[in-house]
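# Fold and geometry: a report
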Amino acid sequence: MNLSYLDFDYSEDAGGTGTFDAMASVSPAQIPALHAEICAVLSWAHQHWPDACAPTEDGGDWHYDLQGVQDVSTPLALRFDDAAGQLHSCAEPPAPPRTTITLTLSGNAAFCDALREAFAVD
């Protein structure tokens with residue numbers, strides 16, 4: 001499966017545990033597709049490594065952390081008054097909310113290799 005929203009960065013610690021970090025920020029219309037990708041990745045991990053989801057220091061083969069936030073931004077109309085040397089701002093109507101989700105997956109070498117292959121992750 002190719003991922004459209006989750007773009008993973010990889011790192012590895014001295015003990016050989018690999019970590020994939022992804023963050024996606026989407027508009028309301030894109031939330032279902034982002035959720036579907038997250039579910040696909042986590043379902044795959046649970047299916048291929050059942051009962052192995054725990055921190056590696058606790059004997060697990062893989063683990064994940066999932067967090068999200070919804071932000072509403074209020075654009076500012078900015079105007080510079082060159083005669084007065086001042087900046088003027090006025091709040092505009094709020095933009096639609098954006099949802100940002102971070103997904104971190106960590107695991108042993110076998111898990112990391114399989115995740116790369118299953119989701120074409122570099």
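Residues numbered from 1 in each chain as written. Predicted model: local features only at pLDDT ≥ 70, side-chain atom pairs only at ≥ 80, totals over all residues. Heavy atoms only, no water.

Bringing the overall build of the protein into the picture now. Within the protein one finds 2 helices and 6 strands. The helix and strand sequence of the protein, counted from the amino end, reads β-β-α-β-β-β-β-α. A compact globule built from 122 residues would reach a C-alpha radius of gyration of about 14 Å, whereas the protein, at 20 Å, exceeds it by more than 25%. Expressed as a percentage of its 122 residues, the buried residues of the protein come to 27%. Taking the contacts inside the protein whose residues are at least 6 apart along the sequence as the reference set, 63% of them involve residues at least 24 apart. Total accessible area computed for the protein in this model is approximately 7500 Å², and 51% of it derives from carbon and sulfur atoms. (Helix = DSSP H or I, 4+ residues; strand = E, 2+ residues; numbered from the N terminus. Rg over C-alpha atoms; globule rule 2.2 N^0.38 Å. Buried < 20%, exposed > 50% of the residue type's maximum accessible area, 1.4 Å probe, protein only. Contact = heavy atoms within 4.5 Å. Areas by Shrake-Rupley, 256 points an atom, 1.4 Å probe, with all protein chains shown as cover.)

Turning our eyes to something else, we now look at the nonpolar core. The biggest cluster of nonpolar side chains holds 25 residues, and the ones touching the most others in it are L6, F8, V41, W62, L105, F111 and L115. Sorting the residues of this core by element identifies β2 (18-26), α1 (31-48), β6 (98-107) and α2 (109-119) as the ones contributing at least two each. Of all the elements, α1 adds the most residues to this core, at 7 residues. When sequence neighbours within four positions are dropped, the list of residues in contact with W62 reads L42, A45, H46, W49, A52, C53, A54, L105, S106, G107 and F111. (Core = buried A, V, L, I, M, F, W, Y, C linked by side-chain atoms within 4.5 Å.)

Taken together, L76, L78, F80 and L87 make up a surface patch of nonpolar side chains, about 460 Å² in accessible area. Examining the composition of the nonpolar patch, we find that 3 residues originate from one element, strand β4 (residues 76-81), more than from any other. Its place among the elements puts F80 in strand β4. (Patch = residues over 30% accessible without salt bridge, like charges linked within 9 Å, V, L, I, M, F, W, Y side chains within 5 Å. Salt bridge = Lys/Arg side-chain N within 4 Å of Asp/Glu carboxyl O.)

Below, the discussion takes up the sheet that holds strand β1 (residues 9-12). Note: strands within a sheet are paired through backbone hydrogen bonds, in either parallel or antiparallel orientation. Pairing is antiparallel in the open sheet, where 4 strands are placed in the order β1-β2-β6-β3. Two strands in the sheet have a free side with no partner beyond their single neighbour: β1 and β3 (62-71). Each adjacent strand pair in this sheet contributes to an overall mean axis angle of 15°, direction not counted. Here β2 runs beside β6; their pairing, made up of 9 bridges, is antiparallel. Each bridged residue has a counterpart across the sheet, and for F20 the counterpart in β6 is L105. The strands touched by α1 are β2, β3 and β6; relative to β6, the strand with the most contacts, the crossing angle is about 15°. (Pairing = 2+ DSSP bridges. Axes fitted to C-alpha atoms, helices over the stretch in contact; angles between N-to-C directions.)

Turning to its location among the elements, W44 is positioned in helix α1. The class of W44 is buried, set by a relative accessible area of 11%. For W44 and L115, which are 71 residues apart along the polypeptide, the C-alpha to C-alpha distance reads 8.8 Å.

Bridge analysis of β1 against β2 gives 4 bridges, and the strand direction is antiparallel. By the bridge assignment, E12 is partnered in β2 with G18. Between β1 and β2, which pair antiparallel and follow one another directly, the connecting turn spans 5 residues, one of which, G16, has a positive phi of 90°.

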